[in-house]
Amino acid sequence: MTSAHSKLYSDDVSLVVVVVDTNPFFWAGAALPFADFLSHVLHFVNSLLLLSNLNHVVIIAAGVSSCAYVFDSGNAGASGAADVAETLGKASRKMEEFIKQDARETASNGTVADGGAASLFSGALSLALCYIQRIFRSGTRHPQPRILCLQGSPDGPEQYVAVMNSIFSAQRSMVPIDTCIVGTQDSAFLQQASYITGGVYMKPQELSGLFQYLAAVFATDLHSRTFLRLPKTLGVDFRASCFCHKKTIDMGYVCSVCLSIFCKYHKKCSTCGSEFSRVSMPDLNSLPDQRQ
């Protein structure tokens, strides 16, 4: 099998898949209006395309109930300022259509409409990796791929397994996952994603200057990053979510066969069906908190 590095098109040619959080429950109370946020993102996409006519950018929208491709620079026509403006205008309109469609699906599914609703980032990451794999197999040479996640809503513990599978798939394919947090909470999932895949994790202090952050940190290609001092995460939250209640836990029980995690002791693993011998198991809830 041909390795990914042997098929690289050029050191400074990039394939960037941008995952945009369109969660309406988050943006309803965000300090930065969604229209301004989208304007920053589209200007950033335009700057990537202007850096090289060989650069390839894809935008994936992640809603509460669905996710979808909303922009693909590979489908654009002949290059030119007017063509780029028209293409990005279509992307903006398609984003609006997606938000309306996702809102209808959320209402029909009976999803609880609260500020804590999580976006479907597990599905968006899967779409991003599938697209990158399609580019990998489309020819003998391809640009250097990376994923940029723009997240504002909190993590969804019920998506833990799917997100971690995507992270390890990206690591195996040598695809860095960059993260830009536009909300108030850090993302434990994306902290782990950036750490494991060698990406950049950043939480801008001033969202009014979001484009400057994106252009200065995330526009650089993978080859140029080796010469720059990019932001580094001070700490990574490696806590996992239990498979039984989908809650983030500090301590838990692990199946010795399939490595499923549970917050309470079970006689039988609900994932692989393995039965555990009857032994005296400590109650983790009664143990003192050992976190530093």
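What you see is a predicted model; the values in this text were computed from it and never measured. Throughout this document, residue positions are counted from 1 along each chain, in the order its sequence is written. Given that this is a predicted model, residues contribute local features only at a pLDDT of at least 70 and side-chain atom pairs are listed and counted only at 80 or more, while totals for whole chains, interfaces and linings are drawn from all residues. Calculation of side-chain values draws on the structure's entire complement of heavy atoms; hydrogens and water are dropped beforehand.

Draft legend 1. Here's a closer look at the pattern of salt bridges. Salt bridge, as used here: a side-chain nitrogen of Lys or Arg that lies within 4 Å of a carboxyl oxygen of Asp or Glu. Counting across every chain of the model gives one salt bridge. Note that Asp 178 is salt-bridged to Arg 225, the shortest N-O span being 2.6 Å. A residue pair is termed long-range when its members are at least 10 positions apart, and Asp 178 in strand β5 (residues 177–181) and Arg 225 in helix α8 (residues 222–225) qualify at 47 residues. Secondary structure is summarised from DSSP: a helix means a run of H or I of at least four residues, a strand means a run of E of at least two, and numbering begins at the N terminus for each.

Draft legend 2. Main features of the sheet that holds strand β2 (residues 56–62). At least two bridges found by DSSP between two strands is the condition for calling them paired. Spatially, β3-β2-β1-β4-β5-β6 is the arrangement adopted by the six strands of the open sheet, whose pairing is mixed. The open sheet terminates on both sides in strands that have one partner only, identified here as β3 (67–72) and β6 (201–202). Relative to β6, β5 is paired through two bridges, and the arrangement is parallel. Bridging from a neighbouring strand, Cys 180 pairs with Met 202 of β6. Together, β4 (144–151), β5 and β6 form the strand contacts of helix α7 (residues 210–218), whose direction differs from that of β5 by roughly 160°. Whether two residues are in contact is decided by their heavy atoms: any pair within 4.5 Å suffices. Working convention: axes come from line fits to C-alpha atoms, limited for helices to the stretch in contact. Angles between N-to-C directions cover 0 to 180 degrees.

Draft legend 3. View of the confidence of the model for the protein. Per residue, pLDDT measures the predictor's confidence, with a range of 0 to 100. Averaged over every residue, the pLDDT of the protein is 83; residues scoring 70 or more account for 84%. When the criterion is pLDDT under 50, residues 1–6 qualifies, and its contacts beyond four places in sequence or with other chains add up to four contacts.

Draft legend 4. Layout of empty space enclosed by the protein. A cavity here means a set of 1 Å grid points, computed over protein atoms only, where a 1.4 Å probe fits but cannot escape. A pocket is an open set with protein on both sides within 12 Å along at least 5 of 7 lines, and lining residues have an atom within 4 Å of a point. Grid points are joined across faces, edges and corners, and a volume is the space filled by probe spheres set on the points. Inspection of the entire model under this criterion finds three cavities of 30 Å³ or more. Of the voids in this model, the largest cavity is the one considered here, and its volume is about 90 Å³. Lining the largest cavity are Ala 118, Ser 119, Phe 121, Leu 125, Gln 151, Pro 154, Asp 155, Gly 156, Gln 159, Val 163, Phe 189 and Leu 190. Looking at the lining of the largest cavity, the elements that each hand over two or more residues are α4 (121–136) and α6 (188–197). The nonpolar class holds Ala, Val, Leu, Ile, Met, Phe, Trp, Tyr, Cys and Pro. Asp, Glu, Lys and Arg form the charged class, and all remaining residues, Gly among them, are polar. Class assignment of the residues belonging to the lining of the largest cavity gives a composition of seven nonpolar, four polar and one charged.

Draft legend 5. Structural view of the pairing of β2. In this scheme, a residue with accessible area under 20% of its type's maximum is buried, one over 50% is exposed, and one in between is partly exposed, where area comes from a 1.4 Å probe on protein chains only. With seven of seven residues buried, β2 is to be regarded as a mostly interior element. The alternating pattern of β2 places His 56, Val 58, Ile 60 and Ala 62 and Val 57, Ile 59 and Ala 61 on opposite faces, both of which are buried. Bridge analysis of strand β1 (residues 14–21) against β2 gives seven bridges, and the strand direction is parallel. Pairing of Asp 21 across the sheet is with Ala 62, part of β2. Strand direction decides the pairing type here: β2 and β3, joined by five bridges, are antiparallel. Bridging across to β3, Ile 60 finds its partner in Tyr 69. Counting the residues in the hairpin turn of β2 and β3 gives four residues.

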